[in-house]
Amino acid sequence: MVRYIGVMSGTSLDGLDIALIDQTDRTLLLDTYYLPMPESLRSELLALCATGPDELARAATVEQSWVRLAASGIQCLLERNQLTPQDIRAIGSHGQTVRHEPARGFTIQIGNPALLAELTGIAVVGDFRRRDVAAGGQGAPLVPAFHESLFDDHTSLRAVLNVGGFSNLSLIEPGKAVHGFDCGPGNVLMDAWICLQTGEKYDREGRWAASGTVQQVLLDTLFADTFFATQGPKSTGRELFNLGWLQSHLARLPIFRPEDVQATLLELTARSIVDALKAAQTGTNDLLVCGGGAHNLQLMQRLAALLPSTRVCSTSEFGVDPDWVEAMAFAWLAHCCLEGIPTNRPSVTGAKGLRILGAIYPA
């Protein structure tokens, strides 16, 4: 058995997903561990997503807290499975994205892989995105190659949709290189709006959105952003889609009921996904959804309604828990790095060619 651990902390900043996999023949999920993000750490990480004073020192301090949290979760996972550090070949650590601006030639994920290796006694592979950016790519999304390895049946036209803070598509067609790109906001705007209005961290099952009515004038205004008009390769982040972006549009429009704004934001997420899918891959047989958005029943219903000829379902129906796909992906990326296997896809990121991703920090 060849075991790896994947650590993923996404743009939603709700917590750390830690996945234990076996990569002997194919990727097999063995166990998982979830650590909620402490509110103080979440606030500090969010603050780093925008310019501010003393950023370098703040980032260096905050990432140590992030790493210690990750190391504690890894230790709990090992103890529960009666494993030692020597039983794990490597940890694949995504780190925490605080800036993503490939147009300016950089993407930043803090997470101090050296400290994580020191605290766990396990080799760590980190810094997956910057090599692709160095090769002229977007550095994101990186999961399409993994999605292809899991879900390509070589006969069906499939799309894998990850809905975290942002949404991204992986397009799988027999005989073609996997394609993919970021579609736009996933949960990021809905989470920010419900937190501002009610204090809740997210809209459970999309119930609040379901109580509202889509406001077409607001939807049209939001869709006017040039991001939605561009074709892939493309990626995005909090630098573009954030609460301030939403509020700047709301300030120029009539006052809407808060629940109507939430309904409109959900519609923005659903329609941006569907429009992108229809433009990039016609005749999609299956849309497999993973990430937190897979639990938003209202979003899943809207996707199904907008795609009547496509089977819309959770990746769980294909044997993979939707909550753990991304953490599994970074465990797999660590395996590929150690084996010298390129895992970026120029058809996805726009890089000049295939590249081996990740930097290795020995135990």
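Each remark here, short or long, concerns the structure printed above.
Below or above, wherever it landed, is the structure these notes cover. The model shown is predicted, which means the values in this text are computed figures rather than measured ones.

### Re the overall build of the protein
- Per the secondary structure count, the protein includes 13 helices and twelve strands.
- In terms of overall size, the protein behaves like a compact globule, its C-alpha atoms giving a radius of gyration of 20 Å where 363 residues would be expected to give roughly 21 Å.
- By principal-axis analysis of the C-alpha atoms, the protein measures approximately 60 × 50 × 40 Å.
- Residues counted as buried form 56% of the 363 residues belonging to the protein.

### Let's talk about the sheet that holds strand E11 (residues 311-314)
- Here we have five strands laid out as an open sheet, ordered E9-E8-E7-E10-E11, and mixed in their pairing. A strand with exactly one partner marks an edge of an open sheet, and here the two such strands are strand E9 (179-185) and E11. Taken pair by pair, the neighbouring strands of this sheet meet at an average axis angle of 20°, ignoring direction.
- Sheet strands in contact with helix H10 (residues 258-280) are strand E7 (158-163), strand E8 (166-172), E9 and strand E10 (286-290), and its direction is about 155° off that of E9.

### Here's the deal with the nonpolar core
- Counting residues in hydrophobic clusters, the biggest one holds 44 residues, and the most contacted among them are Leu169 and Leu287.
- Looking at which element gives the most residues to this core, the answer is H10, with nine residues.
- Among the nonpolar cores identified, the runner-up in size contains 32 residues, and Ala123, Leu142, Leu333 and Leu357 belong to it.

### Considerations on the packing of aromatic side chains
- Enumeration according to the criterion identifies eight aromatic pairs in this entry.
- Arranged with centres 5.9 Å apart and planes meeting at 85°, the rings of Phe227 and Phe228 form a pair that is edge-to-face.
- For Phe227, a relative accessible area of 8% translates into the label buried.
- On the basis of relative accessibility, which here comes to 18%, the residue Phe228 falls in the buried class.
- Each ring, one from Phe241 and one from Trp245, has its centre 4.9 Å from the other, and the planes form 85°; the classification is edge-to-face.
- An aromatic cluster is present here, built from Phe223, Phe227, Phe228, Phe241 and Trp245 joined pairwise through their rings.
- Between Lys234 and the ring centre of Phe227, over which it is positioned, the NZ or CZ distance is 4.2 Å.

### Quick word on the environment of Leu268
- Looking at the element boundaries, Leu268 is found in helix H10.
- Owing to a relative accessible area of 0%, Leu268 belongs among the buried residues under this scheme.
- Separated by 84 residues in the primary sequence, Leu268 and Gly184 have C-alpha atoms spaced 8.9 Å apart.
- If we skip the residues at most four places from it in the chain, Leu268 touches Pro185, Leu189, Leu219, Leu222, Phe223, Phe228 and Trp245.

### Looking at the environment of Pro36
- In this fold, Pro36 is placed in strand E3 (residues 28-36).
- With near-sequence residues (within four places) excluded, Pro36 lies in contact with Asp14, Gly15 and Leu69.

### Focus on the pairing of E9
- A large share of E9 lies buried, amounting to six of its seven residues.
- Where E8 meets E9, six bridges bridge the pair, whose relative direction is antiparallel. If you follow Ser167 over to E9, its bridge partner there is Gly184.
- Hairpin remark: E8 followed by E9, antiparallel, with six residues in the connecting loop; positive phi at Gly175, about 80°.

### As for the pairing of strand E1 (residues 3-9)
- In terms of burial, E1 is largely enclosed, as seven of its seven residues are buried.
- For E1 and strand E2 (residues 15-22), the ladder comprises six bridges, and the chain directions are antiparallel. Note on E2: the bridge partner recorded for Ile5 is Leu20.
- Here E1 folds back onto E2, and the loop between the two strands holds five residues, one of which, Leu13, carries a positive phi near 60°.
- As paired elements, E1 and strand E4 (residues 88-101) share six bridges and run parallel to each other. Its bridge partner lying in E4, Gly6 is registered against Gly92.

### Quick notes on the pattern of salt bridges
- Applying the stated rule across the entire model yields 15 salt bridges.
- Its salt-bridge partner being Arg80, residue Asp31 comes within 3.1 Å of it at the nearest N-O pair. One end of the pair, Asp31, is in strand E3; the other, Arg80, is in helix H2 (residues 55-80), and 49 residues separate them in sequence.
- You can call Asp31 buried: its relative accessible area is 18%.

The rules behind each value
Residues numbered from 1 in each chain as written. Predicted model: local features only at pLDDT ≥ 70, side-chain atom pairs only at ≥ 80, totals over all residues. Heavy atoms only, no water. Helix = DSSP H or I, 4+ residues; strand = E, 2+ residues; numbered from the N terminus. Rg over C-alpha atoms; globule rule 2.2 N^0.38 Å. Buried < 20%, exposed > 50% of the residue type's maximum accessible area, 1.4 Å probe, protein only. Pairing = 2+ DSSP bridges. Axes fitted to C-alpha atoms, helices over the stretch in contact; angles between N-to-C directions. Contact = heavy atoms within 4.5 Å. Core = buried A, V, L, I, M, F, W, Y, C linked by side-chain atoms within 4.5 Å. Phe/Tyr/Trp six-rings, centres within 6.5 Å; stacked < 30°, edge-to-face > 60°. Lys NZ or Arg CZ within 6 Å of the ring centre and 35° of its normal. Salt bridge = Lys/Arg side-chain N within 4 Å of Asp/Glu carboxyl O.

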